[in-house]
Amino acid sequence: MTESLLAVRGLSKHFVSGNETVPVIEKLSFTLGQGQSLALTGRSGSGKSTLLNLLCGLELPDAGTIVLHDRVFEAGGAAARRTVTAWSTLRRQHIGVVFQEANLMPALSLLENVQFRAQLAGRDPANSEDWLTRLGIGELAQRYPDQVSGGQRQRAALAMVFAMEPALILADEPTGSLDRHTSDEVARVLFDLQARHGCSLILGTHDAELAAGCQQRLDLGHLNAV
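Residues numbered from 1 in each chain as written. Predicted model: local features only at pLDDT ≥ 70, side-chain atom pairs only at ≥ 80, totals over all residues. Heavy atoms only, no water.

### Quick notes on the pairing of strand β4 (residues 63-68)
Stage number 1. Pairing of strand β1 (residues 4-17) with β4, which is carried by five bridges, proceeds in the antiparallel orientation. Note that in β4 the partner of leucine 6 across the bridge is leucine 68.
Stage number 2. Summarising the sheet, β4 and strand β5 (residues 71-74) pair through four bridges and their orientation is antiparallel. Across the sheet, the residue bridging to leucine 68 is arginine 71, located in β5. (Pairing = 2+ DSSP bridges. Helix = DSSP H or I, 4+ residues; strand = E, 2+ residues; numbered from the N terminus.)

Printed below as a string of C-alpha cells:
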C-alpha cells in the first residue's frame, strides 16, 4: 500500500472581481501517494495554476485542509504567520516548483543556479553538474540563461528541482512554451527522473499527451463546471 504524501480535504478558493465573488476551486478533495504522479487538466481558468499555488503555499485557501509532508494546513487558522513560515520552509526543502517559463537567476550560470538551489535546500551541491549532464546540457554548465535556448533553460530548471531532492514536484505547464520535439524530450526526462528517484509529481497541463504520462488525472474543468 502506497503511503500518502498529500491529502486535500474540502479545499476552496475564491477571487473577487469588482463586486462579484468568483469561485475557482470548490470543495476539492483528493490524495496523492509517495512516488505517484497526478495530471491536473481542464480549460483555461479552471483552477490548475491556482491549485498548484495553494499546494505550495503561494496562495492560501478560503476553506479546507492540506496535509503535506506530515504538516497540517487549515484555512482561516489563527496562526497565519506561522503558516506562511512553514510553507516557506517546505518550498525551500521539500517542494520543487517548475513554471512554464524557467525561473533562473540571470546573473548566475546554469551550474551556479543549480548549485544555489541545492544549497538553499540544505543539499550537497557537488552533484549539480551531474544533474545538468543527466538532462543533456552538461556542456552548457558555464553559460548564462540568456545564452541558451528556451528548452535548455527548462532543462536547467528541472536540474535545479532534482538537485534539491524534493518529496513533491509541482509543474505548471512546464512544456507549454516549447516546440513539440523539445516538449516531448523534456517530458520524457521529467517522468524518468521522477520515477527513478521516487518523488511525487503534480502536473498542470493542457497537453493530453503529457497528461497521459501521469498515473492519475484530475479534470478541474469538469469538477468546476456549472
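### A word on the confidence of the model for the protein chain
Stage number 1. Averaged over the protein chain, the pLDDT score is 89; the fraction of residues at 70 or greater is 95%.
Stage number 2. Within the protein chain, helix α8 (residues 220-223) has the poorest average pLDDT of any element, 74, and helix α3 (residues 110-120) the best, 97. (pLDDT = per-residue confidence, 0-100.)

### Quick word on the sheet that holds strand β3 (residues 37-41)
Stage number 1. Pairing within the open sheet is parallel, and its five strands lie in the order β6-β7-β8-β3-β9. A strand with exactly one partner marks an edge of an open sheet, and here the two such strands are β6 (95-98) and β9 (216-219). On average, each strand axis in the sheet is inclined to that of its neighbour by 15 degrees, with strand direction left out of account.
Stage number 2. The sheet contacts of helix α5 (residues 150-163) involve β6 and β7 (168-172), and relative to β6 the element is tilted by about 175 degrees.
Stage number 3. The sheet strands contacting helix α6 (residues 180-197) are β3 and β8 (200-204), and the helix crosses β8 at an angle near 155 degrees. (Axes fitted to C-alpha atoms, helices over the stretch in contact; angles between N-to-C directions. Contact = heavy atoms within 4.5 Å.)

### Some points on the environment of alanine 211
Stage number 1. Relative to the helices and strands, alanine 211 resides in helix α7 (residues 208-212).
Stage number 2. Exposure remark for alanine 211: the relative accessible area of 3% places this residue in the buried category.
Stage number 3. Between the alpha carbons of alanine 211 and histidine 197 there is a distance of 20 Å; along the sequence they are 14 residues apart.
Stage number 4. Each residue touching alanine 211, except ones within four places of it in the same chain, is listed here: Ala39, Thr41, Thr205 and Arg217. (Buried < 20%, exposed > 50% of the residue type's maximum accessible area, 1.4 Å probe, protein only.)

### Topic: unusual backbone geometry
Stage number 1. Unlike most non-glycine residues, lysine 27 shows phi in positive territory, near 50 degrees.
Stage number 2. By secondary structure assignment, the location of lysine 27 is in strand β2 (residues 20-33).

### Regarding the pattern of salt bridges
Pairing between side chains becomes possible if they bear opposite charge and their charged atoms approach one another.
Stage number 1. Counted according to the given criterion, the structure contains six salt bridges.
Stage number 2. Arginine 134 is the salt-bridge partner of aspartate 130, the closest N and O atoms lying 2.9 Å from each other. Placement of the pair is aspartate 130 and arginine 134 together in helix α4 (residues 128-134), with a separation of four residues, close to one helical turn.
Stage number 3. In this structure, the salt-bridge partner of arginine 180 is aspartate 184, at a minimum N-O distance of 2.9 Å. With arginine 180 and aspartate 184 both in helix α6 and four residues apart, this pair spans about one turn of that helix. (Salt bridge = Lys/Arg side-chain N within 4 Å of Asp/Glu carboxyl O.)

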